[in-house]
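So you can see what is in the structure, the chains are spelled out below.
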Amino acid sequence: MVRIAVVGSGPSGVYTAQALLDQHPGAELRVDVLDRLPCPYGLVRYGVAPDHQKIKSLQATLRRVLEDPRVRFLGNVPVGADGVRAERLRALYGAVVYCVGAARDRRLGIPGEELAGSWSATDFVSWYSGHPDAPRLELPGHTRSAVVIGAGNVALDVARMLARTAAELRSTDVPPPVLAALADSAVRSVHLVGRRGPSQARFTTKELRELGTLAEAEVVVDAAELAADPDGAEPASLGANARRNLAALSAWADAPPRGRARRIAPRFFLRPVELLDDGAGAVRAVRFERTAGIGGGRVTDTGEQVEIEAQLVLRSVGYQGVALDGLPFDPERGVVPHAAGRVLRGGDVAPGEYVAGWIKRGPTGVIGSNRPCGKETATSVLADLPALPAAPAADPLAALRAAGADPVEWPGWLGIEAAEAALGRTLSRGPVKIADWPTLLRAAGDTTGGRP
Ligand SMILES: Cc1cc2nc3c(=O)[nH]c(=O)nc-3n(C[C@H](O)[C@H](O)[C@H](O)COP(=O)(O)OP(=O)(O)OC[C@H]3O[C@@H](n4cnc5c(N)ncnc54)[C@H](O)[C@@H]3O)c2cc1C
Ligand SMILES: NC(=O)c1ccc[n+]([C@@H]2O[C@H](COP(=O)([O-])OP(=O)(O)OC[C@H]3O[C@@H](n4cnc5c(N)ncnc54)[C@H](OP(=O)(O)O)[C@@H]3O)[C@@H](O)[C@H]2O)c1
């Protein structure tokens, strides 16, 4: 028997498990996919926006892997300082692949970041996704204007979620308190602010265009900021996505106002300098330095300061990896050093330890990018296995329990799914996320599949 542990059940963990199965078709291979949460799928469940059900449906593909008879899902098993130690895990399995993602937000490092009303997009996303560790967001009644800092796809997600109507959100799986808060929200202006020009925005065009399809929102683009982009004047030097983004933004800049109640305003060439205090410890505005494009995607400060009023600020400037106790870590890049997925300790390969996904490559790339990444790591694992010491023959489950873990296995996850569907039925909605640990674990303990 060859037993491999994959830590993390997000796309990279599941794609790695799939590649291991594909490349090692023998029945003697067993893959345990561990996750600190009782629910699988990582950011596909807790990151992909709730109004993107088509992308969420990728869970069905990941599910097929986790239901393979050679794979076992073990949720509610944290690995690291607060759970099963890395050394212990290494002793229990022939190889361990860490696919733990990049869970933390990058900081802006400017004054006022800690004011009330200033949120990382990471926390905001976790909140609307019903992550059981998410802080509770409140949107006080005076919150009429929001600034989203950053020009990536996560910034688009959070701006869109703020601008959706209650009716649009009802058809998603957002937890009831989230639906209530967003439905009652007084936010009418959402400013989506990039520090460089429109040509440098990291939005993908499909997601950018989607802003124009919301029920009650209109997109307002400042033609002067588009015209100020020297790179936009030379479209041949740009990639296809940037050219399409510019076309979408230009169409909005040229369009007459539609008189919609909500506005999303993509803004450019504004570098955040400070979040301003309203005198009571809450944010009232963001101060920016206006930048100017100098070609090649670079900008320089102009000395002009611009303030945008905001009672809510969502800082969406990227994610970063977190060091896992017992694993080497490159704090600069927020990744585990590796060679083709093999963990490097002090430059040398650490036998039997591997990485895949965002903790290997850094926090960029779509779900599909994790497939070749997992495949590369799986290839390294299987090439090394013959030379690695054999793992103990015993099933590691008892040892994991002895190490303090209380795993939620696949039937437990099915119990959670059934409970979420049942909760949705009581609210005349589709499945609705359960967002707290006790209820999740209670549901996981009910393995009757929702039957009385
Ligand atoms: C907000 C957001 C929205 C996105 N939307 C899209 C989209 O619409 N389409 C798209 O293609 N891509 C999207 N992406 C990108 C996509 O989600 C990532 O490419 C992908 O999730 C990265 O996979 P991963 O497995 O490396 O990490 P993750 O998906 O983060 O999975 C990591 C898993 O490891 C577990 N874990 C972490 N630490 C431990 C530990 N110590 N012990 C045990 N388990 C642990 C976590 O609970 C989690 O389940 C989005 C990303 C974000 C941030
Ligand atoms: N629907 C989808 O397919 C989808 C949805 C969500 C996420 N994703 C993917 O998930 C990954 C992560 O997305 P992301 O949006 O978090 O990251 P991202 O694409 O890296 O975008 C981060 C943004 O933050 C800006 N930024 C960084 N530091 C800043 C600072 N100090 N001040 C101001 N702005 C700053 C960056 O500007 P600069 O360019 O100037 O550095 C960039 O605009 C991406 O690969 C994304 O495509 C995909």
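Residues numbered from 1 in each chain as written. Chains lettered and ligands numbered in written order. Predicted model: local features only at pLDDT ≥ 70, side-chain atom pairs only at ≥ 80, totals over all residues. Heavy atoms only, no water.

A look at the pattern of salt bridges
At step 1: The final tally for this structure, using the stated rule, is 32 salt bridges.
At step 2: The residue Asp-51 makes a salt bridge to Arg-164 at a minimum N-O spacing of 2.8 Å. Here the residue Asp-51 occupies a position in the loop between α2 (43-46) and α3 (53-56), and Arg-164 occupies one in the loop between α7 (153-163) and α8 (166-170), the gap between them amounting to 113 residues.
At step 3: Residue classification places Arg-164 among the buried residues on the basis of a relative accessible area of 9%.
At step 4: Where Asp-325 meets Arg-85, a salt bridge forms, and the shortest distance between an N and an O atom there is 2.7 Å. Remark: Arg-85 occurs in the loop between β3 (71-74) and α5 (86-92) and Asp-325 occurs in the loop between β15 (319-320) and β16 (338-339); sequence separation between them is 240 residues.
At step 5: By relative accessible area, Asp-325 is classed as partly exposed at 36%.
At step 6: The class of Arg-85 is partly exposed, set by a relative accessible area of 38%.
At step 7: Each of Asp-51, Asp-157, Arg-160, Arg-164, Glu-168 and Glu-210 takes part in salt bridges that share partners, so that together they form one network. (Salt bridge = Lys/Arg side-chain N within 4 Å of Asp/Glu carboxyl O. Helix = DSSP H or I, 4+ residues; strand = E, 2+ residues; numbered from the N terminus. Buried < 20%, exposed > 50% of the residue type's maximum accessible area, 1.4 Å probe, protein only.)

Points about the nonpolar core
At step 1: Within the largest apolar cluster, 48 residues are counted, with the highest numbers of intra-cluster contacts made by Phe-124, Tyr-128 and Leu-182.
At step 2: For this core, the elements supplying multiple residues, two or more each, are α6 (121-128), β7 (145-149), α7, α9 (176-184), β8 (189-193), β9 (217-219), α12 (240-254) and β14 (312-315).
At step 3: Element by element, the count of residues in this core is highest for α7, at 7 residues.
At step 4: If you look at the next biggest cluster of nonpolar residues, it comprises 42 residues, including Tyr-46, Phe-73, Val-97 and Ile-416. (Core = buried A, V, L, I, M, F, W, Y, C linked by side-chain atoms within 4.5 Å.)

Examining the side chain of His-131
At step 1: Of note, His-131 is situated in the loop between α6 and β7.
At step 2: The class of His-131 is buried, set by a relative accessible area of 15%.
At step 3: A polar contact of 3.0 Å, which involves the side chain of His-131, links it to the backbone nitrogen of Asp-133.
At step 4: If near-sequence neighbours (up to four positions away) are discounted, His-131 is found in contact with Arg-36, Leu-37, Tyr-46, Ser-126 and Ala-435. (Polar contact = N/O pair within 3.5 Å; in protein donor to acceptor, adjacent residues only side chain to side chain. Contact = heavy atoms within 4.5 Å.)

Here we look at the pairing of β7
At step 1: Taking burial as the measure, the 5 residues of β7 include 5 buried ones, the bulk of the element.
At step 2: Across 5 bridges, β7 lies against β8 in parallel orientation. Pairing of Val-147 across the sheet is with His-191, part of β8.
At step 3: With 4 bridges joining them, β7 and β14 adopt parallel strand pairing. Paired with Ala-146 across the bridge in β14 is Leu-312. (Pairing = 2+ DSSP bridges.)

As for the environment of Gly-197
At step 1: Residue placement: Gly-197 occurs in the loop between β8 and α10 (205-210).
At step 2: Looking at Gly-197, the relative accessible area reads 2%, which means it is buried.
At step 3: Each C-alpha atom, one on Gly-197 and one on Thr-291, is 8.9 Å from the other, the two residues being 94 residues apart in sequence.
At step 4: Beyond its immediate chain neighbours, meaning those up to four positions away, Gly-197 contacts Asp-229, Phe-268 and Phe-269.

As for the site of ligand 1
At step 1: The local shell around ligand 1 holds 30 residues, among which Ser-12, Asp-35, Val-79, Gly-365 and Ile-367 are the closest.
At step 2: Note that a nitrogen atom of ligand 1 is positioned 3.0 Å from one of the backbone N or O atoms of Arg-36.
At step 3: Protein contacts shield 89% of the accessible area of ligand 1, which totals 1000 Å² for the unbound molecule.
At step 4: Those elements that provide at least two residues to the shell around ligand 1 are α1 (11-23) and α7.
At step 5: Among the residues forming the shell around ligand 1, the class breakdown is 18 nonpolar, 9 polar and 3 charged.
At step 6: Composition of the shell around ligand 1 by domain shows at least three residues from each of domain 1 (2-103 + 321-408) and domain 2 (107-318). (Near = heavy atom within 4 Å. Areas by Shrake-Rupley, 256 points an atom, 1.4 Å probe, with all protein chains shown as cover. Nonpolar A, V, L, I, M, F, W, Y, C, P; charged D, E, K, R; others polar. Domains from an automatic or database assignment.)

Quick look at the sheet that holds strand β17 (residues 342-345)
Strands belonging to one sheet form pairs held by backbone hydrogen bonds; the direction of such a pair is parallel or antiparallel.
At step 1: Pairing is mixed across the open sheet formed by 7 strands, whose spatial order is β3-β2-β1-β4-β18-β17-β16. Across the chains shown, the open sheet's two edge strands, defined by having one partner strand only, are β3 and β16.

Focus: the layout of surface pockets
At step 1: Put simply, the second largest pocket is a space of about 420 Å³.
At step 2: What lines the second largest pocket is a set of 22 residues, among which Arg-136, Pro-175, Pro-177, Val-178 and Ala-435 lie closest to the centre.
At step 3: Where the lining of the second largest pocket is concerned, the elements lending two or more residues are α6, α9 and α16 (410-426).
At step 4: Top contributing element to the lining of the second largest pocket by residue count: α9, with 4 residues.
At step 5: When grouped by side-chain class, the residues that make up the lining of the second largest pocket number 14 nonpolar, 4 polar and 4 charged. (1 Å grid on protein atoms, 1.4 Å probe; cavity = no way out; pocket = protein on both sides within 12 Å on 5 of 7 lines; lining within 4 Å. Points joined across faces, edges and corners; volume = space filled by probe spheres on them.)

Some remarks on the packing of α6 against α7
Between two packed helices, both the angle of their axes relative to each other and the distance between the axes serve to describe the pair.
At step 1: At a minimum axis separation of 11 Å, α6 and α7 run at an interaxial angle of 50°. In terms of orientation, α6 and α7 fall into the oblique class. As α6 runs across α7, the sense of the crossing is left-handed. Contact residues: α6 offers Ala-121, Phe-124, Val-125 and Tyr-128, while α7 offers Val-154, Asp-157, Val-158, Met-161 and Leu-162. (Axes fitted to C-alpha atoms, helices over the stretch in contact; angles between N-to-C directions. Parallel < 35°, antiparallel > 145°, perpendicular 65-115°, else oblique. Left-handed = near helix turned anticlockwise from the far one by under 90°.)

Remarks on the sheet that holds strand β13 (residues 299-309)
At step 1: Strand order in the open sheet made by the 3 strands is β11-β12-β13, with antiparallel pairing throughout. Across the chains shown, the open sheet's two edge strands, defined by having one partner strand only, are β11 (270-277) and β13. Taking the axes of each pair of neighbouring strands and ignoring which way they run, one obtains an average angle of 20° across the sheet.
At step 2: Sheet topology note: the strand β12 (residues 283-293)/β13 ladder contains 8 bridges and is antiparallel. The partner of Ala-292 across the bridge, within β13, is Thr-300.

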